[in-house]
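Geometric and topological summary
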Amino acid sequence: MSDQGALPPGLATAIDHVGIAVADLDAAADEYRRALGTEPVHRERVESQGVEEVLFEVGGSYVQLLGALGPDTAVGKFLARRGEGVHHVAYRVDDVSAALEALRSAGVRLVDELPRPGSRGTTIAFAHPSGFRGVLVELVQEPR
Ligand code: CMX
Ligand code: CO
């Protein structure tokens, strides 16, 4: 493995979650609840991101089901264009500002120039799919 990566070893500490765009949040949550055999651990409406989320915990990481709050939101547009499915991969980092700066220095295209509030008191930022082989990337700093 190269040690020249944009994220220095130890900066991204885990996969925080995988975000999945769904058309019907209640139906999707019920389907996942049955399939995973576990109850969701969190539900939250995040107006600033145009989503309502349901989280299932799996081994210290999450599956994040994402319903769109409207057609002109990121997830609403994704559903119209691509249908339901994996929307983004979120990497857990200790310091989202530092991680964002590392990506910027490496010439990776960002969506967010600055960190912003996410759900559960997290701090988040997005990097563009063009830098990750077509996969939208989120950086997540868990609440301290
Ligand atoms: N993953 C991969 N590609 C994506 C994508 C995604 N999630 N969303 C859009 N695209 C692609 C489209 O398929 C399209 O590609 P083609 O031209 O090849 O068909 C291209 O991007 C443009 O599509 P668009 O609908 O015009 O999308 P925008 O450029 O307006 O926005 C993006 C794309 C990633 C910049 C926008 O979705 C964004 O800012 N995302 C970050 C915020 C977000 O996703 N919030 C919801 C989740 C919140 C959370 O996890 O808490
Ligand atoms: Co997310």
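Our subject is the structure that appears above.
Residues numbered from 1 in each chain as written. Chains lettered and ligands numbered in written order. Predicted model: local features only at pLDDT ≥ 70, side-chain atom pairs only at ≥ 80, totals over all residues. Heavy atoms only, no water.

A few points about the site of ligand 1
If you check the shell around ligand 1, you find 16 residues, and the closest are Gln 49, Lys 77, Arg 82, His 87 and His 88. In the environment of ligand 1, an oxygen atom lies 2.8 Å from a nitrogen or oxygen atom belonging to the side chain of Lys 77. Here an oxygen atom of ligand 1 and a side-chain polar atom of Arg 81 are 3.1 Å apart. A total of 970 Å² of accessible area belongs to ligand 1 in isolation, and the protein chains cover 70% of it. Given that more than half its atoms are within 2 Å of the pocket grid, ligand 1 belongs to the largest pocket. (Near = heavy atom within 4 Å. Polar contact = N/O pair within 3.5 Å; in protein donor to acceptor, adjacent residues only side chain to side chain. Areas by Shrake-Rupley, 256 points an atom, 1.4 Å probe, with all protein chains shown as cover. 1 Å grid on protein atoms, 1.4 Å probe; cavity = no way out; pocket = protein on both sides within 12 Å on 5 of 7 lines; lining within 4 Å. Sits in = over half its atoms within 2 Å of the grid points.)

Digging into the nonpolar core
The biggest cluster of nonpolar side chains holds eleven residues, and these are Val 93, Val 96, Ala 99, Leu 100, Leu 103, Val 108, Leu 110, Ala 125, Ala 127, Val 137 and Leu 139. Where this core is concerned, the elements lending two or more residues are α3 (96-105), β7 (123-127) and β8 (136-141). Looking at this core, the element that brings in the most residues is α3, giving four residues. Listed in part, the nine residues of the second largest apolar core include Ile 20, Val 22, Leu 25 and Ala 28. (Core = buried A, V, L, I, M, F, W, Y, C linked by side-chain atoms within 4.5 Å. Buried < 20%, exposed > 50% of the residue type's maximum accessible area, 1.4 Å probe, protein only. Helix = DSSP H or I, 4+ residues; strand = E, 2+ residues; numbered from the N terminus.)

Notes on the pairing of β7
Most of β7 sits inside the fold, with four of its five residues counted as buried. Sheet analysis places strand β6 (residues 116-117) next to β7, joined by two bridges and oriented antiparallel. When the bridges of β7 are listed, Arg 116 appears paired with Ile 124. Counted along the chain from β6 to the antiparallel partner β7, the turn is five residues long, and its residue Arg 120 has a positive phi close to 55°. Across five bridges, β7 lies against β8 in antiparallel orientation. By the bridge assignment, Ile 124 is partnered in β8 with Val 140. (Pairing = 2+ DSSP bridges.)

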